[in-house]
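Below, each chain spelled out in residue letters.
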Amino acid sequence: MMDNESVNLLGGQMLADEEAWLSVIRKMDEAYADLVDYQVQVEEQNTKLAEAQNFFDSVLSAMSDVLVVCDHEGKIQQVNRAFEEFCGRDSKGLMGTWLPELCPSEHFAVMKECLRKVRHTPVRDLEIVINGARGEVPLALNCSPRFNPRGRLIGIVVAGRPLGDLQKAFKELNRTHAELNQTHAELKLAQERLVQSEKMASLGRLVAGVAHELNNPISFVYGNMHALKRYTTRLVEYFDAVQAGASRDELKNLRAQLRLDRAISDLDSLVEGTLEGADRVREIVNDLRQFSSTQRSEKLPFDLVHVAQSALHWILKENPEVIVDKDLPEKLGGRGHSGQIHQVVVNLIQNAVDAIKELPLPKLIIRAGQDGVGANAMLWLEVQDNGPGIAVDDLPRLFDPFFTTKPPGKGTGLGLSISYGIVSEHGGELSVVNLEEGGALARLMLPVSPKNDD
Ligand SMILES: Nc1ncnc2c1ncn2[C@@H]1O[C@H](COP(=O)(O)OP(=O)(O)OP(=O)(O)O)[C@@H](O)[C@H]1O
Ligand SMILES: [Mg+2]
């Protein structure tokens, strides 16, 4: 049986135990609340960390420059997407690769030396070649050392950009430019030679035409001279008889026998004809002098109508079947190298004739005139034909050297290209177009007074 004191003691003990338990439970509650707080903080930190990680990842991915993070020896630890794309390998494949191993053998030592230097000081603008996905590509690199808080080297950061695209393109451009210059110079030379030989050829054609033309009056003069020589022999015979004292009857007989009356009546027309022939020869030679001057000389006054008539004359002689409709004024005074303009007009007419000569009714219209007055006045000349015209695809190429649709041996394709050069040099314009009603129209325009007067 417990006495009162004992009961009190027991009760006090139980109270103390209960108090202790309550305090433990309170402490546990507090600890638990701290733990929850801590957990919340950790999660917040984690979220921030993940956000920061995402931020850096997106910045690194967005960089167009390459970025490589290496350990202190130069072995790759991390790369950005630009470097992955540059190498054509993913970051896992690149992990642990020693930087110099990415270089072609001749650049291996350069990269090794860079890794040595960067231990002490950053290396700037190192030009080095790296094996990229599209072959060897030169890069400009900046390498910096990375230290821990105690100042020990813990890694290297390499950033850079391909020199390649721009510099290579620049070098390529320079090279192409030099090659183009050379080709251009060669082409110019070849063209000059061709133009010269074309000039010689057209001069040759002109000379052949002139020779043909000269043949007529010369054979005419030659025939007359033969007749005159025959008459002279007879006259000498007659005068010898006169001098020898022949009688009147004898002389009368001799005169009849030698048909002197007819010879004497012929003399005038023979001499007249011979003179005419000689004049014609002189005219032709003058024309030849005027038209064959291909060398650079001063621009002189000339008559475009005369040039056109002469060009027509030369070509129609060979193509008498062509019907020509002329609408020309009496005279159109211009300034230039008439020989060269003649060459242009000959080519325009020849082109038209070539286009129509097989037609049953080959027709050519040649017109000329002047627009405006004074210093800005322009002379124009048109050659129109009723041929098939020019194929639309060929139109842009008409003035290209060697562009021809004529069979080999018939056309060199230089006519319009040379003509264009001549007309431009005179400050004029040359065009060839198709007409709605069919056929082609070539139009030549020349300033009455060219600016560059030589
Ligand atoms: N009036 C025209 N009608 C149809 N085609 C034409 C006419 N004029 C020029 N052409 C076309 O233009 C091309 C180039 O003419 P171009 O005078 O330059 O050279 P070509 O006449 O062929 O040769 P070349 O003049 O050297 O003897 C001709 O081959 C022809 O196809
Ligand atoms: Mg031609």
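A. Local environment of the coordination of the magnesium ion (ligand 2). Note on the magnesium ion (ligand 2): its protein donors are Asn347 (OD1) and Asn351 (OD1). The metal-donor distances range over 2.2 to 2.4 Å. Highlighted residues: Asn347 and Asn351, both in helix 9 (residues 338-356), separated by four residues, approximately one helical turn.

B. Summary view of the site of ligand 1. Around ligand 1, the surrounding shell holds 19 residues, and the nearest of these are Thr404, Thr405, Lys406, Thr412 and Leu416. Contact between ligand 1 and Gly415: an oxygen atom at 3.2 Å from a main-chain N or O atom of the residue. At 2.8 Å, a backbone N or O of Leu416 approaches an oxygen atom of ligand 1. Of all the secondary-structure elements, those providing two or more residues to the shell around ligand 1 are helix 9 and helix 10 (415-425). If you tally residues by element for the shell around ligand 1, the top one is helix 9, at four residues.

C. Here's a closer look at the packing of aromatic side chains. Under the criterion given, the structure shown has four aromatic pairs. Residues Trp98 and Phe108 carry aromatic rings whose centres are separated by 5.8 Å and whose planes lie at 80° to one another, so their mutual orientation is edge-to-face. Of the two residues, Trp98 sits in the loop between helix 3 (91-94) and helix 4 (105-117) while Phe108 sits in helix 4, which places them ten residues apart along the sequence.

D. The pattern of salt bridges, seen in detail. Taken as a whole, this structure holds eleven salt bridges when the rule is applied. One salt bridge in this structure joins Asp261 and Arg255, with 2.8 Å as the shortest N-O distance. Residue classification places Arg255 among the partly exposed residues on the basis of a relative accessible area of 34%.

E. Quick look at the nonpolar core. Ile349, Leu364 and Leu444 are the most contacted members of the largest nonpolar core, which has 41 residues in total. Elements with a contribution of two residues or more to this core: helix 8 (304-318), helix 9, strand 9 (363-371), strand 10 (378-385), helix 10, strand 11 (429-434) and strand 12 (440-447). The element contributing the most residues to this core is helix 9, with eight residues. In this view, Ile349 contacts Ala308, Ala311, Leu312, Ile315, Leu364, Ile366 and Val383; residues no more than four positions away in its chain are not counted. Ranked by size, the runner-up nonpolar core spans 27 residues in total, among them Val79, Cys87, Leu99 and Leu139.

F. Inspection of the sheet that holds strand 10 at higher detail. Strand order in the open sheet made by the five strands is 7-9-10-12-11, with mixed pairing throughout. Each edge of the open sheet carries a strand with a single partner, namely strand 7 (323-327) and strand 11. Put simply, the sheet's adjacent strands are angled 15° from each other on average, direction ignored. Pairing of strand 11 with strand 12, which is carried by six bridges, proceeds in the antiparallel orientation. Paired with Glu429 across the two strands is Met445, which belongs to strand 12.

G. Molecular detail of the state of the cysteines. By the definition in use, this model includes zero disulfides. Unpaired in this structure, Cys70 has its nearest cysteine sulfur neighbour in Cys143, at a distance of 8.3 Å. We note that Cys87 lacks a disulfide partner, and the nearest cysteine sulfur, in Cys103, lies 10.0 Å from it.

H. Molecular detail of helix 10. Three or more residues of helix 10 are buried, namely Gly415, Leu416, Ser417, Ile418, Ser419, Ile422 and Val423. Positive phi appears at Gly427, one or two residues downstream of helix 10, with a value of about 80°.

I. Focus on the environment of Val345. Inspection of the secondary structure assignment puts Val345 in helix 9. Aside from chain neighbours lying at most four places away, what touches Val345 is Val307, Ala308, Ala311, Leu381 and Leu444.

J. Structural view of the packing of helix 9 against helix 10. Between helix 9 and helix 10, whose axes approach to 9 Å, the crossing angle comes to 140°. Two packed elements cross with a definite hand, and for helix 9 against helix 10 that hand is left-handed. Of the residues in helix 10, those in contact with Gln340, Ile341, Gln343, Val344, Asn347, Leu348 and Asn351 of helix 9 are Gly415, Leu416, Ile418, Ser419, Ile422, Val423 and Glu425. Among the residues forming the contact of helix 9 with helix 10, the class breakdown is seven nonpolar, six polar and one charged.

Cut-offs and rules
- Residues numbered from 1 in each chain as written.
- Chains lettered and ligands numbered in written order.
- Predicted model: local features only at pLDDT ≥ 70, side-chain atom pairs only at ≥ 80, totals over all residues.
- Heavy atoms only, no water.
- Donors = N, O, S within 2.8 Å, 3.2 Å for Na, K, Ca; no water.
- Helix = DSSP H or I, 4+ residues; strand = E, 2+ residues; numbered from the N terminus.
- Near = heavy atom within 4 Å.
- Polar contact = N/O pair within 3.5 Å; in protein donor to acceptor, adjacent residues only side chain to side chain.
- Phe/Tyr/Trp six-rings, centres within 6.5 Å; stacked < 30°, edge-to-face > 60°.
- Salt bridge = Lys/Arg side-chain N within 4 Å of Asp/Glu carboxyl O.
- Buried < 20%, exposed > 50% of the residue type's maximum accessible area, 1.4 Å probe, protein only.
- Core = buried A, V, L, I, M, F, W, Y, C linked by side-chain atoms within 4.5 Å.
- Contact = heavy atoms within 4.5 Å.
- Pairing = 2+ DSSP bridges.
- Axes fitted to C-alpha atoms, helices over the stretch in contact; angles between N-to-C directions.
- Disulfide = S-S within 2.5 Å.
- Left-handed = near helix turned anticlockwise from the far one by under 90°.
- Nonpolar A, V, L, I, M, F, W, Y, C, P; charged D, E, K, R; others polar.

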